[in-house]
Amino acid sequence: MTQPPVPGSAARGAIDLTGLSDGSAPSGAPVAGGTDQIHIKATDASFPETLNRSVRVPAVLVVVSSRVPESVVYLGEVVEVATALRGRIQVVSLDIDANPGMLRALQVQSVPMTLGLLQGQVLPLFAGVAAKEQLRGVLDQVLDLAVQQGVTGRLELAGPAAEETLPPLHQAAFDAIERGDLDAAAAAYDQALAADPKDHDAEIGRAQVALLQRTAGADPTAARAAAADNPDDVAAQTLVADLDLLGGHVEDAFGRLIDLVKRTSGEERTAARDHLVQLFAVVGNQDERVKRGRTALMSALF
């Protein structure tokens, strides 16, 4: 599982912790939130439980310091962006001044620091702050990776955030994925696209479900051996590309199929190209890796 790409300007605003005194946080230092389910606070003691929850609902961890007000302000911006996602992702904050154990475990050198939490694993994202539009892009990528890994749980929200619900067909698709019924999920997304061919979220969701269907029951070891023995076999190479993407190895998946397009011709080349386009849809057209992949594909074709 690899990390989503770091926003280009994400490193700005990082505060080197070595420049701060070793004293404890001042009395009454501001630490944001923790009052609803979108945003919760973690501690040295509670972090394992927090990590376990990411098996059901993906999360983003924001490491802050009570002695660095900028980090707390940034945390509020992350919560604001996550709230618009209506319970699909949780924000976890960790005040590093009060939790020296996690300071060492996460090897925090500066604050704020943002990490993903998914399937009980910590995914490095970036240090410093990012603009809201970049934050939304990063959170979307964490959610895309979560769907690829079958993590589609949602928070049970109370209050205004809970009033914003998914469209019925989208909710039906998520519910179907959660119970392992990929055919029902595909059907729900197909209905959504039939009603609105420009439904971007349904298009991505449908492509992700198709990826899960194609890789269901696949033996990764056998698939990779077959691909190594048959470098120009389209079925063998596309299956490994699917497995790479499912594991978060986006550029490996794209590169494998671009090389296949270069080596093949006729119907085989068309099949490799079409499969690569499907993988672009899984990741999303706004992703920089997709943009680079499309450029590489054009070069391979012409």
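Residues numbered from 1 in each chain as written. Predicted model: local features only at pLDDT ≥ 70, side-chain atom pairs only at ≥ 80, totals over all residues. Heavy atoms only, no water.

### Considering the pattern of salt bridges
Here is step 1: Under the defined criterion, the tally for this structure stands at 13 salt bridges.
Here is step 2: Between Lys132 and Glu80 there is a salt bridge, with its nearest N and O atoms 2.9 Å apart. You can see Lys132 sitting in helix α4 (residues 132-148) and its partner Glu80 sitting in helix α2 (residues 69-83), a full 52 residues away along the chain.
Here is step 3: Salt-bridge contacts for Asp244 lead to Arg224; the nearest nitrogen and oxygen are separated by 2.8 Å. Residue Asp244 is located in helix α10 (residues 234-246), and its partner Arg224 is located in helix α9 (residues 220-229); the two are separated by 20 residues in the primary sequence.
Here is step 4: For Asp244, a relative accessible area of 6% gives the class buried.
Here is step 5: Put simply, Arg224, Asp244 and Arg256 are held in one network by salt bridges that share partners. (Salt bridge = Lys/Arg side-chain N within 4 Å of Asp/Glu carboxyl O. Helix = DSSP H or I, 4+ residues; strand = E, 2+ residues; numbered from the N terminus. Buried < 20%, exposed > 50% of the residue type's maximum accessible area, 1.4 Å probe, protein only.)

### Some remarks on the packing of aromatic side chains
Here is step 1: Using the criterion set out here, one finds one aromatic pair in the structure.
Here is step 2: When the centroid spacing of 4.9 Å and the interplanar angle of 85° are considered together, the rings of Phe254 and Phe280 count as edge-to-face. Separated by 26 residues along the polypeptide, Phe254 in helix α11 (residues 250-263) and Phe280 in helix α12 (residues 266-283) bring together distant segments of the chain. We note that Phe254, like Phe280, is buried. (Phe/Tyr/Trp six-rings, centres within 6.5 Å; stacked < 30°, edge-to-face > 60°.)

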